[in-house]
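Listed below, chain by chain, are the residues.
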Amino acid sequence: MNRLPIYIGIVLLVFVYACKKEYLHEENTVEITIKGEEVVIADPYIEFLVRLKADVRTDKIYNWQAERVHFIHAKYHEYDYNSDTYIKTILPAYSKLREDAGLPVQKITNLQGIEACKNLTYINLAYNNIQSLEPLRNLKKLGGIDISFNTSLSYSDTVYLKEIFANNNLWDFSADGINYTGALPFFTKGSVSVIFLRWNDITCFAGLCNLESILYLHLNSNKIAQIPSNISGLRNLITLSLHRNNLSSLPQNMSQLSNLQEIELGHNQFTEIPAVVKSMSSLERFAIYDNPIQDFSQLAGMRIPRVYLDNTGLSASDLHYVEQMGNLNELKLYDNPLPDDLTFLKNMADNNAFNEHARIALPHSVFTQEGGSSELTNEEIIEYLQDLGYSIDIHWK
């Protein structure tokens with residue numbers, strides 16, 4: 001019996017079935033593509049990034065495509081424009097990205113349409129000219145936002161910020177240099193852990209102190225003259241940075257910040273070492289450099305591993321307080337009128353005030369002094385400390 005016709009028939013059936021399946025697949029693909037609501041994104045660069053991230057190849061963007069986007073990095077790279085890194089790396093890459101999209105290199109002003117990216121987890125809009133944060137208010141999956149140096153944002157946008165904090169599981173929020181003036185609004189709900197609000201004109205941050213989730217709070221270069229009375233509400237705080245403000249004292253209830261490990265108080269108006277610092281049980285780094293300190297008595301008995309006293313006016317009459325410090329891993333004494341005699345450092349070493357491999361930072365003038373009543377010159381004392389395994393850094397102006 002000739003079976004060839006049977007084999008040919010089977011092959012033809014398989015071919016017809018395969019063609020039909022492929023045809024149906026193509027039909028289904030087309031059908032899926034045209035479903036959904038059209039998304040109109042106001043800014044052409046954000047539209048370009050959405051198309052890029054969601055692999056959109058159609059003329060229109062649909063809501064289901066926008067929902068593929070999880071990350072938008074639209075930071076405007078105009079900062080540090082004289083650096084080699086910027087000129088050779090950042091600018092060419094950024095400009096090429098714009099040119100590939102047929103867009104001019106210009107700042108983003110309008111976020112309308114970005115609300116369709118419902119699965120967005122991180123957005124960086126720093127150094128643009130955003131007019132309103134309203135399109136972000138209904139997003140619910142954001143983990144990080146950077147709106148730094150968008151100076152056109154209005155005070156009313158803080159209302160949207162409260163909604164953004166409440167609606168999302170934020171980890172990182174950055175709003176440096178947005179010209180925010182006055183007291184921050186009260187945030188009653190939020191999970192944010194890291195906050196950057198530097199280079200603004202903030203006068204009070206009591207509104208943040210209800211957020212127990214905050215671990216790292218950076219408020220450098222503002223106009224804060226007083227720590228809010230509800231500071232103890234930040235019970236999980238690890239780092240508090242208040243460099244370049246107008247502070248002159250710390251409240252006693254800061255001792256309740258049992259997790260605080262670092263406090264940055266440089267460039268303020270302190271005239272004495274705050275007494276409460278010694279009762280902060282977890283503190284590992286205390287920086288109070290560039291303050292006009294007159295009373296150093298609270299240094300006596302201090303057991304904080306890293307203490308920065310640069311340019312505080314520390315002089316010979318204050319050294320007996322320094323000698324009573326202990327548990328030191330790092331002691332910075334740059335730009336102070338230290339005496340001719342560095343014997344106090346040798347005494348501290350002999351009394352085990354320094355931990356193994358401690359770092360001691362001194363002004364360069366100690367090398368030009370012969371030493372006063374000590375039997376050793378300053379240079380010999382420094383050599384003695386180095387022989388003990390301590391690192392000596394000399395600051396040359």
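Refer to the structure presented above.
Residues numbered from 1 in each chain as written. Predicted model: local features only at pLDDT ≥ 70, side-chain atom pairs only at ≥ 80, totals over all residues. Heavy atoms only, no water.

Peer 1: Describe in detail the environment of Y76, supporting the description with residues and values.
Peer 2: Relative to the helices and strands, Y76 is located in the loop between β3 (71–73) and α4 (84–100). Residue Y76 is classed as buried on the basis of its relative accessible area of 13%. Sequence spacing of Y76 and A126 is 50 residues, and the spatial spacing of their C-alpha atoms is 6.3 Å. (Helix = DSSP H or I, 4+ residues; strand = E, 2+ residues; numbered from the N terminus. Buried < 20%, exposed > 50% of the residue type's maximum accessible area, 1.4 Å probe, protein only.)

Peer 1: Outline the pattern of salt bridges, listing residues and values.
Peer 2: Pairs can form between side chains of opposite charge once their charged atoms are near each other. Taken as a whole and judged by the stated rule, the model has 14 salt bridges. The residue K60 makes a salt bridge to E38 at a minimum N-O spacing of 3.8 Å. Placement of K60 in the loop between α2 (44–54) and β2 (61–62) and of E38 in strand β1 (residues 38–39) is noted, with a sequence separation of 22 residues between them. Residue K60 is classed as partly exposed on the basis of its relative accessible area of 41%. Note on E38: relative accessible area 45%, which makes it partly exposed. Between E163 and R137 there is a salt bridge, with its nearest N and O atoms 2.7 Å apart. One end of the pair, E163, is in helix α5 (residues 157–167); the other, R137, is in the loop between β4 (122–124) and β5 (144–146), with 26 residues separating them in the sequence. Among the residues examined, E163 registers a relative accessible area of 23% and is labelled partly exposed. (Salt bridge = Lys/Arg side-chain N within 4 Å of Asp/Glu carboxyl O.)

Peer 1: Tell me about helix α7 (residues 343–350), and please be specific about residues and values.
Peer 2: When we look at burial in α7, the residues that qualify are F344, L345, M348 and A349. Looking straight down α7, one finds that the buried residues subtend no more than 140° of arc, so they occupy a single side. Elements that come into contact with the buried residues of α7 comprise α6 (319–322), β15 (328–332), β16 (354–363) and α8 (378–387). Downstream of α7 by one or two residues, N352 has phi in the positive range, about 60°. (Arc of directions from axis to C-beta. Contact = heavy atoms within 4.5 Å.)

Peer 1: For the pairing of β16, give the residues involved together with the corresponding values.
Peer 2: Pairing geometry for β15 and β16, over four bridges, is parallel. The residue of β16 that forms the bridge with L331 is I360. With α7 bridging β15 and its parallel neighbour β16, the resulting β-α-β unit is right-handed. (Pairing = 2+ DSSP bridges. Right-handed = clockwise from strand over helix to strand, strands pointing away.)

Peer 1: Kindly report on the environment of I288, identifying the contributing residues and their values.
Peer 2: Residue position: I288 is located in the loop between β13 (285–287) and β14 (306–308). By relative accessible area, which is 0% here, I288 ends up buried. Along the chain, I288 and Q269 lie 19 residues apart, while their C-alpha atoms are 9.8 Å from each other. Setting aside residues up to four positions removed in sequence, I288 forms contacts with L265, G266, F270, E272, I273, P274, I293, Y308, L309 and T312.

Peer 1: Which residues make up the nonpolar core, and what are the values?
Peer 2: Membership of the largest hydrophobic core comes to 104 residues, with the highest contact counts inside it found for F205 and F286. Broken down by secondary-structure element, the contributors of at least two residues to this core are α2, α5, α6, β15, α7, β16 and α8. Looking at this core, the element that brings in the most residues is α2, giving six residues. Every residue in contact with F205, bar those within four places of it in the chain, is listed here: L184, L217, L219, I224, I227, P228, I231 and L242. (Core = buried A, V, L, I, M, F, W, Y, C linked by side-chain atoms within 4.5 Å.)

Peer 1: With reference to specific residues and values, describe α5.
Peer 2: All of the buried residues in α5 are D157, T158, Y160, L161, I164 and F165. Seen from one end, α5 has its buried residues packed into an arc of 150°, which puts them on one side. Buried residues along α5 sit against β5, β6 (172–174) and β8 (194–196).

Peer 1: Please give an account of the state of the cysteines that cites residues and values.
Peer 2: Evaluation of the coordinates by the stated rule reveals zero disulfides. C204 provides the cysteine sulfur closest to C209, a residue in no disulfide bond, and the two sulfurs are 7.6 Å apart. Overall, the relative accessible area of 1% leaves C209 in the buried class. (Disulfide = S-S within 2.5 Å.)

Nothing here speaks to function; it is geometry throughout.
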